[in-house]
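# Coordinates in review
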Amino acid sequence: MSETESLLEFPCQFPIKVMGKHSDNFDAIVVEIVRRHVPDILEGAVTTRPSKGGNYLAVTVMIEAHSREQLDAIYLGLTACPDVLMAL
């Protein structure tokens, strides 16, 4: 597949999934990073789930993605954050 080809058709609904250490503000940190690239995150678009032991928190932000470049920028911002352990 070439760089110009994509399995996604834009715009599309796309879940950004992020895992980090459980803290009081981890979900806010994730939303702030995503909001830099998607300013109009809808109410109810953010869900959180603690790990079984409660040490980690999974945050999912459902966005309307408009381009591969937008998604790449979101993931670069998330992976640059020291609080983020994994972004899918």
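Cut-offs and rules
- Residues numbered from 1 in each chain as written.
- Predicted model: local features only at pLDDT ≥ 70, side-chain atom pairs only at ≥ 80, totals over all residues.
- Heavy atoms only, no water.
- Pairing = 2+ DSSP bridges.
- Helix = DSSP H or I, 4+ residues; strand = E, 2+ residues; numbered from the N terminus.
- Axes fitted to C-alpha atoms, helices over the stretch in contact; angles between N-to-C directions.
- Contact = heavy atoms within 4.5 Å.
- Patch = residues over 30% accessible without salt bridge, like charges linked within 9 Å, V, L, I, M, F, W, Y side chains within 5 Å.
- Areas by Shrake-Rupley, 256 points an atom, 1.4 Å probe, with all protein chains shown as cover.
- Salt bridge = Lys/Arg side-chain N within 4 Å of Asp/Glu carboxyl O.

### Some details on the sheet that holds strand 1 (residues 12-21)
Pairing within the open sheet is antiparallel, and its 4 strands lie in the order 2-3-1-4. The sheet is open, and its two borders are formed by strand 2 (46-50) and strand 4 (84-87), each paired with just one other strand. This sheet shows a mean twist of 25° between the axes of neighbouring strands, independent of strand direction. Pairing of strand 1 with strand 4 involves 3 bridges; the strand directions are antiparallel. Of the residues in strand 4, the one forming a bridge with Met19 is Met86. Lying on the sheet, helix 1 (residues 26-35) is in contact with strand 1, strand 2, strand 3 (56-65) and strand 4; it crosses strand 3 at an angle near 25°. Strands strand 1, strand 3 and strand 4 of the sheet are contacted by helix 2 (residues 68-80), whose axis makes an angle of about 10° with strand 1.

### Observations concerning a nonpolar patch on the surface
Taken together, the side chains of Met19, Tyr56, Leu85, Met86 and Leu88 present a nonpolar region at the surface, about 460 Å² in accessible area. With respect to the element layout, Met86 can be found in strand 4.

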